[in-house]
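These are the residues of each chain, in order.
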Amino acid sequence: MIKAIVTDIEGTTSSLSFVKDVLFPYSRAHMAEFVRDHAQEPAVQRELDEVRRLSGKVLTEPEVIEQLLGWIAEDKKATPLKALQGMIWKDGYEKGDFKGHMYEDAVRHLKKWKQAGIRLYVFSSGSVQAQKLLFAHTAYGDLTPLFSGYFDTNIGNKREPDSYRRIAEAIDTAPQSVLFLSDIKEELDAARSAGMQTTWLVRDGTIDPKTAHRQARNFDDITL
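First, a word on scope: everything that follows refers to the structure included in this document. Keep in mind that this is a model prediction, so the values were computed, not measured. (Residues numbered from 1 in each chain as written. Predicted model: local features only at pLDDT ≥ 70, side-chain atom pairs only at ≥ 80, totals over all residues. Heavy atoms only, no water.)

## A word on the side chain of Thr 173
- Topologically, Thr 173 is positioned in the loop between helix H7 (161–170) and strand S4 (178–182).
- For Thr 173, a relative accessible area of 8% corresponds to the buried category.
- A distance of 2.7 Å separates a polar atom in the side chain of Thr 173 from a polar atom in the side chain of Arg 119.
- Ignoring sequence-local partners within four residues, the contact set of Thr 173 consists of Lys 3, Arg 119, Ala 168 and Val 178. (Helix = DSSP H or I, 4+ residues; strand = E, 2+ residues; numbered from the N terminus. Buried < 20%, exposed > 50% of the residue type's maximum accessible area, 1.4 Å probe, protein only. Polar contact = N/O pair within 3.5 Å; in protein donor to acceptor, adjacent residues only side chain to side chain. Contact = heavy atoms within 4.5 Å.)

Okay, here's the thing in structure tokens:
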């Protein structure tokens, strides 16, 4: 019996193009200005210090900005980058520069599952702050009340089984009673190795009947 559902965001509840074509370009365009304007704020300073630690170098402020922009170009899942992007996106959401994209079928089923007493969680490489901002600013309104918790790379890499074991422990639920939703095979493999049930969202492309994971075109095809 499924007691909790943990969902990915990109390609699962939301389109890949929203992140690729809206959020990433926005953070890239505003990163240098944001760092220059907010570098002395404690929350920002902590992330900039972490950038320096991860780089293994003594970086000047312009060099930190260059490192961050390089990580954006590489699509590197660096925790301080994700945190700073979340701060920049917060400004964008609040200014109304964009809204978080959500698939209608995902919204409908998340609401249905919540009403059925199933606890809902998010696990994304984007920071928890960025996750909350996306779900708080959608065309369907504020969806954050649907979720019982959020996880990002602070819990671990999305392709490592231990991350999913930690999530199961954090939500106090046996892994076999947790369903993980994603569009990435390696993430699903890791969740399955940790004992979770899995469903692979294949919104585009060809369904493979031989895969170890149940596949679904959209949330309407997901069976609990």
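Now that the structure is up, let's keep going.
## A look at helix H1 (residues 16–38)
- Along H1, the sharpest change in direction is near 50° and occurs at Met 31.
- Taken residue by residue, H1 has Phe 18, Val 19, Leu 23, Phe 24, Tyr 26, Ser 27, Met 31, Ala 32, Phe 34 and Val 35 as its buried positions.
- Elements that come into contact with the buried residues of H1 comprise helix H2 (42–55), helix H3 (61–74), helix H4 (79–95) and helix H6 (128–136). (Bend = angle between axes of the 7 residues up to and from the residue.)

## Topic: the pairing of strand S2 (residues 119–123)
- Burial of S2 is extensive: 4 of the 5 residues sit out of reach of the surface.
- With 4 bridges joining them, strand S1 (residues 4–7) and S2 adopt parallel strand pairing. Looking across to S2, one finds that Ala 4 is bridged to Arg 119.
- Here 3 bridges tie S2 to strand S3 (residues 149–151), and the two strands are oriented parallel to one another. Considered in S3, the bridge of Val 122 is made with Tyr 150.
- Note that the unit made of S2, H6 and S3 has a crossover that is right-handed. (Pairing = 2+ DSSP bridges. Right-handed = clockwise from strand over helix to strand, strands pointing away.)

## Topic: the nonpolar core
- Ranked by internal contacts, the top residues of the largest apolar core, which has 52 residues, are Leu 68, Trp 113 and Phe 135.
- Of all the secondary structure elements, the ones that give two or more residues to this core are H1, H2, H3, H4, helix H5 (104–115), S2, H6 and S4.
- By residue number, the principal contributor to this core is H1, which donates 9 residues.
- Beyond its immediate stretch of four places on either side in the chain, Leu 68 contacts Met 31, Val 35, Leu 48, Val 51, Leu 81 and Leu 84.
- In this structure, Val 6, Ile 155, Leu 188 and Trp 200 belong to the second largest nonpolar core, which totals 19 residues. (Core = buried A, V, L, I, M, F, W, Y, C linked by side-chain atoms within 4.5 Å.)

## Details of empty space enclosed by the protein
- Under the criterion given, the structure shown has 2 cavities of 30 Å³ or more.
- Estimates place the volume of the largest cavity at around 140 Å³.
- Elements with a contribution of two residues or more to the lining of the largest cavity: H1, H4 and H6.
- Classifying every residue of the lining of the largest cavity gives 8 nonpolar, 4 polar and 2 charged.
- In this structure, the second largest cavity encloses a volume near 30 Å³.
- What lines the second largest cavity is Phe 24, Trp 71, Ile 72, Asp 75, Lys 76, Leu 81, Lys 82 and Gln 85.
- Those elements that provide at least two residues to the lining of the second largest cavity are H3 and H4.
- Ranked by the residues each element gives to the lining of the second largest cavity, the list is headed by H4, at 3 residues.
- Of the residues that constitute the lining of the second largest cavity, the class distribution is 4 nonpolar, 1 polar and 3 charged. (1 Å grid on protein atoms, 1.4 Å probe; cavity = no way out; pocket = protein on both sides within 12 Å on 5 of 7 lines; lining within 4 Å. Points joined across faces, edges and corners; volume = space filled by probe spheres on them. Nonpolar A, V, L, I, M, F, W, Y, C, P; charged D, E, K, R; others polar.)

## Quick notes on the pairing of S1
- Every second residue of S1 is oriented toward a common face, with Ala 4 and Val 6 on one face and Ile 5 and Thr 7 on the other, all of them buried.
- In the sheet, S1 pairs with S4 via 4 bridges, with the strands oriented parallel. Counted as the bridge partner of Val 6 is Phe 180 from S4.

## Some words on the environment of Leu 68
- Examined against the element boundaries, Leu 68 turns out to sit in helix H3.
- Taking the relative accessible area as the measure of exposure, Leu 68 reaches 0% and is therefore buried.
- On a C-alpha basis, the gap between Leu 68 and Thr 144 in space is 29 Å, while along the polypeptide they are 76 residues apart.

## Structural notes on H5
- Its 12 residues place the ends of H5 17 Å apart at the C-alpha level, agreeing with the 16 Å of an ideal helix rising 1.5 Å per residue.
- Taken together, the buried positions of H5 are Asp 105, Ala 106, Val 107, His 109, Leu 110 and Trp 113.
- Buried residues along H5 sit in contact with S1, S2 and S4.
- At the exit of H5 stands Gly 117, carrying a positive phi of roughly 90°. (Expected span 1.5 Å × (residues − 1).)

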